[in-house]
Amino acid sequence: MAVVFTCTNFTLPLAVMFVVALAITFKRVKKFARIAWDALTVECSVVALTQTTAPPQGQSQSESPPGTVVPTSVNYHFTRQCNYKCGFCFHTAKTSFVLPLETAKKGLRLLAEAGMEKVNFSGGEPFIKDRGRYVGQLVMFCKSELGLPSVSIVSNGSLITEDWFNKYGEWLDILAISCDSFDEETNRRIGRHQTGKDHLRCLRQVRTWCQQYKVAFKINSVVNRYNIDEDMSSEIMELNPIRWKVFQCLLIGGENAGPEALRDAEDMVITDQQFDQFVKRHEQVTCLVPESNEKMRDSYLILDEYMRFLDCREGRKEPSRSLLDVGVQSAIQRSGFDEKMFFKRGGKYTWSKADLKLDW
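Here goes a summary of the coordinates provided.

Cut-offs used in this document
Positions within a chain are numbered from 1, following the residues in the order the chain's sequence is written. The predicted origin of the model limits local features to residues at a pLDDT of at least 70 and limits the giving and counting of side-chain atom pairs to 80 or more, whereas totals for whole chains, interfaces and linings rest on all residues. To get the side-chain values, all heavy atoms of the structure are used, and hydrogens and water are removed first. Salt bridges are counted wherever a side-chain nitrogen of Lys or Arg sits within 4 Å of a carboxyl oxygen of Asp or Glu. Helical segments are the DSSP runs of H or I of at least four residues, strand segments are the runs of E of at least two, and each set is numbered from the N terminus. Throughout, exposure labels follow a simple rule: accessible area from a 1.4 Å probe, protein chains only, divided by the maximum for the residue type, with under 20% read as buried, over 50% as exposed, and the rest as partly exposed. We call a set of buried Ala, Val, Leu, Ile, Met, Phe, Trp, Tyr and Cys residues a nonpolar core when their side-chain atoms join them within 4.5 Å. We call two residues in contact when some of their heavy atoms are within 4.5 Å. Angles shown run from 0 to 180 degrees and are taken between the N-to-C directions of axes, each axis being a line fitted to C-alpha atoms and, for helices, limited to the stretch in contact. A crossing counts as left-handed when the near helix is turned anticlockwise from the far one by less than a right angle, and as right-handed when that turn is clockwise. All residues other than Ala, Val, Leu, Ile, Met, Phe, Trp, Tyr, Cys, Pro, Asp, Glu, Lys and Arg, Gly among them, are scored as polar; the first ten of these are nonpolar and the last four charged. Helix span, as expected, comes to 1.5 Å for every residue beyond the first. We call two N or O atoms a polar contact when they sit within 3.5 Å, provided that within protein one can donate a hydrogen and the other can accept it, with sequence-adjacent residues counted only if both atoms are side-chain atoms. Strands qualify as paired when DSSP identifies two bridges or more between them. Whether a crossover is right-handed depends on one test, that the path from the first strand over the helix to the second runs clockwise when the strands point away from the viewer. Working note: the arc is built from the helix axis to C-beta atom directions.

Some remarks on the pattern of salt bridges
Point 1. Throughout the structure, instances matching the rule amount to 17 salt bridges.
Point 2. Measuring nitrogen to oxygen at the nearest pair gives 3.0 Å for the salt bridge that ties arginine 80 to glutamate 305. With arginine 80 in the loop between strand S3 (73-77) and helix H3 (101-113) and glutamate 305 in the loop between strand S10 (301-303) and strand S11 (310-311), this residue pair connects regions lying 225 residues apart in the sequence.
Point 3. Accessibility expressed as a relative area gives 8% for arginine 80, which makes it buried.
Point 4. A salt bridge links glutamate 260 to arginine 316; the shortest N-O distance between them is 3.6 Å. Note that glutamate 260 is positioned in the loop between strand S8 (243-248) and helix H9 (272-281) and arginine 316 in the loop between S11 and strand S12 (318-319), a separation of 56 residues in sequence.
Point 5. Overall, the relative accessible area of 54% leaves glutamate 260 in the exposed class.

Observations concerning the nonpolar core
Point 1. Ranked by size, the top nonpolar core spans 66 residues in total, and within it Tyr76, Leu108, Phe121, Leu175 and Trp244 carry the most contacts.
Point 2. Apart from the residues within four sequence positions on either side, tryptophan 244 is in contact with Ile219, Ser221, Met232, Ile236, Phe278, His282, Val285, Cys287, Leu288 and Val289.
Point 3. Grouped together as the second largest cluster of nonpolar side chains are 17 residues, Val222, Leu250, Ile252 and Leu310 included.

Brief notes about the packing of H3 against helix H4 (residues 133-145)
The description of two packed helices rests on the angle between their axes and on the distance between the axes.
Point 1. Relative to each other, H3 and H4 sit at 35°, their axes nearing to 11 Å. The interaxial crossing formed by H3 with H4 has right-handed handedness. Here Leu101, Ala104, Lys105, Leu108 and Arg109 of H3 come into contact with H4, specifically with Tyr134, Gln137, Leu138, Phe141, Cys142 and Glu145.
Point 2. Among the residues forming the contact of H3 with H4, the class breakdown is 7 nonpolar, 1 polar and 3 charged.

Notes on helix H7 (residues 199-213)
Point 1. The end-to-end C-alpha distance of H7, which contains 15 residues, comes to 21 Å, matching closely the 21 Å that a straight helix rising 1.5 Å per residue would cover.
Point 2. The inward-facing, buried residues of H7 abut helix H5 (162-168), strand S6 (174-178), helix H6 (184-190), strand S7 (216-223) and helix H8 (233-239).
Point 3. Looking at where H7 begins, the residue whose side-chain oxygen comes 3.2 Å from the main-chain nitrogen of leucine 200 is aspartate 198.
Point 4. Following H7 by one or two positions, lysine 214 has its phi on the positive side, about 60°.

Some thoughts on the side chain of threonine 72
Point 1. Note that threonine 72 resides in the loop between strand S2 (43-48) and S3.
Point 2. Relative accessible area serves as the criterion here: at 8%, threonine 72 is assigned to the buried category.
Point 3. Setting aside residues up to four positions removed in sequence, threonine 72 forms contacts with Gly115, Met116, Glu117, Lys118, Lys348 and Trp351.

Remarks on the pairing of strand S4 (residues 118-122)
Point 1. Across the 5 residues of S4, 5 count as buried, placing the element largely inside the fold.
Point 2. Alternating residues of S4 divide into Lys118, Asn120 and Ser122 and Val119 and Phe121, and every residue in both groups is buried.
Point 3. Pairing of S3 with S4 involves 5 bridges; the strand directions are parallel. Paired with serine 73 across the two strands is lysine 118, which belongs to S4.
Point 4. One crossover worth recording links S3 to the parallel S4 by way of H3, and it is right-handed.

What about the side chain of serine 352?
Point 1. Note on placement: serine 352 falls in the loop between helix H13 (339-344) and helix H14 (353-356).
Point 2. In this structure serine 352 comes out as buried when scored by relative accessible area, which is 9%.

Regarding the sheet that holds strand S5 (residues 150-155)
Point 1. As summarised here, the arrangement of the 8 strands in space is S9-S8-S7-S6-S5-S4-S3-S10, forming an open sheet in which the pairing is parallel. Two strands lie at the open edges of the sheet, namely strand S9 (288-291) and S10, each paired on one side alone. On average, each strand axis in the sheet is tilted by 20° relative to the strand beside it, whichever way the strands run.
Point 2. In this sheet, S5 lies alongside S4 in parallel orientation, the contact comprising 4 bridges. Residue valine 119 lies in a different strand from S5, and its bridge partner there is valine 151.
Point 3. Contacts from H3 reach S3, S4 and S10 within the one sheet, and its direction differs from that of S3 by about 165°.
Point 4. Most of the contacts of H4 go to S5, to which it runs at about 160°, and overall it touches S3, S4 and S5.

Side note on H3
Point 1. Helix length check: H3 (13 residues) gives 19 Å between terminal C-alpha atoms against 18 Å at 1.5 Å per residue, within 8%.
Point 2. Looking only at H3, the buried set comprises Leu101, Ala104, Lys105, Gly107, Leu108 and Leu111. Down the axis, H3 shows its buried residues gathered within 165° of arc, on one side only. Exposed side chains of H3 directed beyond 90 degrees from the buried face belong to Glu102 and Glu113.
Point 3. Buried residues in H3 make contact with S3, S4, H4, S10, helix H11 (323-326) and helix H12 (328-332).
Point 4. Two residues or fewer past H3, glycine 115 is found with a positive phi of approximately 115°.

Below you can see the structure in the form of structure tokens.
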């Protein structure tokens, strides 16, 4: 271990005493001469190879410096493109940009070095890029090279194939499929459909593949005015996901609200009371994890397609500079991330399939 003593504004007597001490420690002339020169300059760093630095008073060796935000769980929306047109979408197809694969890997490595434990790939639709190969390569990289405890994907499920599971399934911990209704007409009204695709059939097919290829299965639902009165209990319990995340429809300026938005979700929003009623109707579903607008808004670390953190505190997305340009800590300070709410909403849970001990 090495320790760095920083010498600033040394007086000459102190410098001399310091150099004498070094001379006793370091008997080789060349090393002594170099260190002596450094010690007598106004600012220097001396490396003593046999010591360790004591942390500042009140801070343990494992703690991060004050002001540091650890990106424990990151949601990387690497594409905005999608084959569905959900009316409440909050990450719409405003660009077609996707980072080159190796550049994306570089950014993910920086995040892992900063403390990321879980990455969730989302969109847009993650399987639309290179027919799933792009996200598959990122999944494999994060698990096999970065060694992340958890790698997950959120998808609408319509573009996933069994061949993808065969190639990449072993590296994926959790696959979440978005499903807002078990009535196809309701899904069409919401926009969660594509001509020629049966959303519910895709959902059930992916559930089967998850079981077969040992990937933990999850369902995400957005509660809005089109499904607010539905009871989804029996279908959810039949599919038996590890978690059923239920979100309250959220307005984000520039995405699904306002003159610059590609979607208009104004007529899809529900009240807090309506959301609470939906949750109460499904309280017997043990895997239910409800998230109101209050819990959602600032408790996610969201990266966009340029690897910029998105600050949603003012009801719209304000991007930081890309972490590829300024580093993780500089970028994350502009994320608006509420770490306390992240833990309060249960943002950290058993998210590695190795620890879930599922009955495959």
